[in-house]
Amino acid sequence: MKIRTRRSFLKGSLAALLPMPALAQAQRRVIVVGGGFAGATCARELKRLVPNARVMLVEPNPTFTACPFSNGVITGLRPLRAQQFNYEGLGGLGISLVYLSATKVDPQARSITLSDGTALPYDRLVLAPGVDFRWGSPTGYDEAASARMPHAWKAGEQTLLLRRQLEAMEDGGLVAISAPPNPMRCPTGVYERASLIAFYLKARKPRSKVIILDAKDSFPLQRQFQSAWQQLYPGLLEWVPLSNDGKVVSVELATNTLVTDFTQHKAAVANVIPPQKAGAIAAMAGVADRTGWCPIDPATFESPLQKNIHVIGDAAISGAMAKSAFAANAQGKACAAAVALLLADETPAPGKLINTCYSLVAPDYGISIVGVYQPVNGQYVDVEGAGGTSPLEAPRETRAAEANYAAAWFRTITAEVFG
Ligand SMILES: Cc1cc2nc3c(=O)[nH]c(=O)nc-3n(C[C@H](O)[C@H](O)[C@H](O)COP(=O)(O)OP(=O)(O)OC[C@H]3O[C@@H](n4cnc5c(N)ncnc54)[C@H](O)[C@@H]3O)c2cc1C
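What counts and what doesn't
- Residues numbered from 1 in each chain as written.
- Predicted model: local features only at pLDDT ≥ 70, side-chain atom pairs only at ≥ 80, totals over all residues.
- Heavy atoms only, no water.
- Salt bridge = Lys/Arg side-chain N within 4 Å of Asp/Glu carboxyl O.
- Helix = DSSP H or I, 4+ residues; strand = E, 2+ residues; numbered from the N terminus.
- Domains from an automatic or database assignment.
- Contact = heavy atoms within 4.5 Å.
- Buried area = accessible area lost by both parts, 1.4 Å probe.
- Polar contact = N/O pair within 3.5 Å; in protein donor to acceptor, adjacent residues only side chain to side chain.

All chains considered together, the criterion is met by 13 salt bridges. One salt bridge in this structure joins R163 and E167, with 3.3 Å as the shortest N-O distance. Of this pair, R163 and E167 both sit in helix α6 (residues 157-168), separated by four residues, roughly a single helical turn. When the shortest N-O distance is used, the salt bridge between R207 and D171 registers 3.7 Å. Here the residue R207 occupies a position in the loop between α7 (189-204) and β13 (209-214), and D171 occupies one in the loop between α6 and β12 (174-179), the gap between them amounting to 36 residues.

Okay, structure coming up:
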């Protein structure tokens, strides 16, 4: 097991010097599983709030590849390295970094097992594993199929594969995107992706077309997207909703075809985004319910199914909050504050959380949706009148300004979480 911590050498000498209450706190151990936007934020914030706690971050990949802005990588607007971050900043704060997967959780014994077999005890466990795919849906779409028909819904090699396929495509080809039902990671990301692909095709392969085959009848910012598509990409981009035979039921790999109930869409490039569920470790820990996602107490993010285990980010059922990096970051902070209080035997009070999702319809054309949420009957619900969307009609300068806000948000959040 590789564990790096700058402070670990101090442990013995500090223990001898600390008064009893601080010593008790020094022995508290919090393990965070998953070093994405939710987990990395939570580990950082916990270490800040409870400096004497032993905070450990378990994550198999030393390099994190971020999804927000990865649609720009697919369409050649930015390099993949602009999406990549490491955990050195967190290690420098005294957080123990373990570059392994968690493979098992024993809630009764309060311990997790790592992929090298090591068992580690915890006082509180925070699970932030993001999403996993429901392979086999659409029929024929499994992990092997994603090497032919990329999902690119976890950033990295899949992002580059989709980019290479777009680049290799001849002018006149069809790019077909299969969009899953809710709940899903980043509900607006599909339509941003289709938009930026249309932007790419318009400039490079104008006889081509992008089609979204959707398992849904509506999506956030729909009117803003559709109005922009009419303006920017007439004839280039088509959205086919569920009620118009949009749902892809199976795939035919040999012919690169997406099949709906009544139509076969033979694609030059097929991007299949499968239905999703909480990352697998959540089910192993017994914190996922029959939906495949994890219910939480909104005041603490603790699981009602297993004591002392908290779930944050995409894996959690957080009511009206979208599954976004912005939300994951907010939840990471709220959960850390709650865990800090629980470690001190105090009771956290529920608070309000904010989410903002930006989408690019073109590199200089941004739109956004904002929500403010509060717990009601154990669920985060919209605070009436507190959120909103970009206006339907707006001058291009407004859209350009929003595209700049989006870029500034990404710079700020990644610096805050991984800096
Ligand atoms: C194309 C696209 C565009 C997007 N654009 C935006 C955007 O503009 N704005 C926005 O706010 N959001 C956006 N999102 C959504 C955003 O990426 C996710 O909501 C966010 O990453 C969720 O954070 P998370 O920490 O829950 O999961 P992740 O960021 O996926 O992190 C989960 C981590 O857990 C690790 N892990 C999993 N299982 C284990 C295990 N067993 N042991 C140890 N580690 C484990 C994984 O390796 C991973 O690093 C976009 C998503 C996509 C796909």
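Take the domain arrangement of the protein chain next. Per the domain assignment, the segments making up the protein chain are domain 1 (8-132 + 277-350) and domain 2 (135-274). Each of domain 1 and domain 2 has a C-alpha centre, and these two points are 32 Å apart. Contacts between domain 1 and domain 2 engage 21 residues on the former and 22 residues on the latter. Per-residue buried area on domain 1 facing domain 2 is highest for N71, I74 and T75; these three make up 36% of the total on that side. Counting across the domain 1 and domain 2 interface gives two salt bridges. Between D132 and K154 there is a salt bridge whose closest N-O contact spans 2.8 Å.

Attention now goes to the environment of S318. Within the secondary structure layout, S318 lies in the loop between β20 (309-311) and α10 (325-343). Taking the C-alpha atoms as reference, S318 lies 16 Å from G39; in sequence the two are 279 residues apart. If we skip the residues at most four places from it in the chain, S318 touches Q331, Q379 and Y380. Here the side chain of S318 touches Q331 through a polar contact of 3.2 Å, side chain to side chain.

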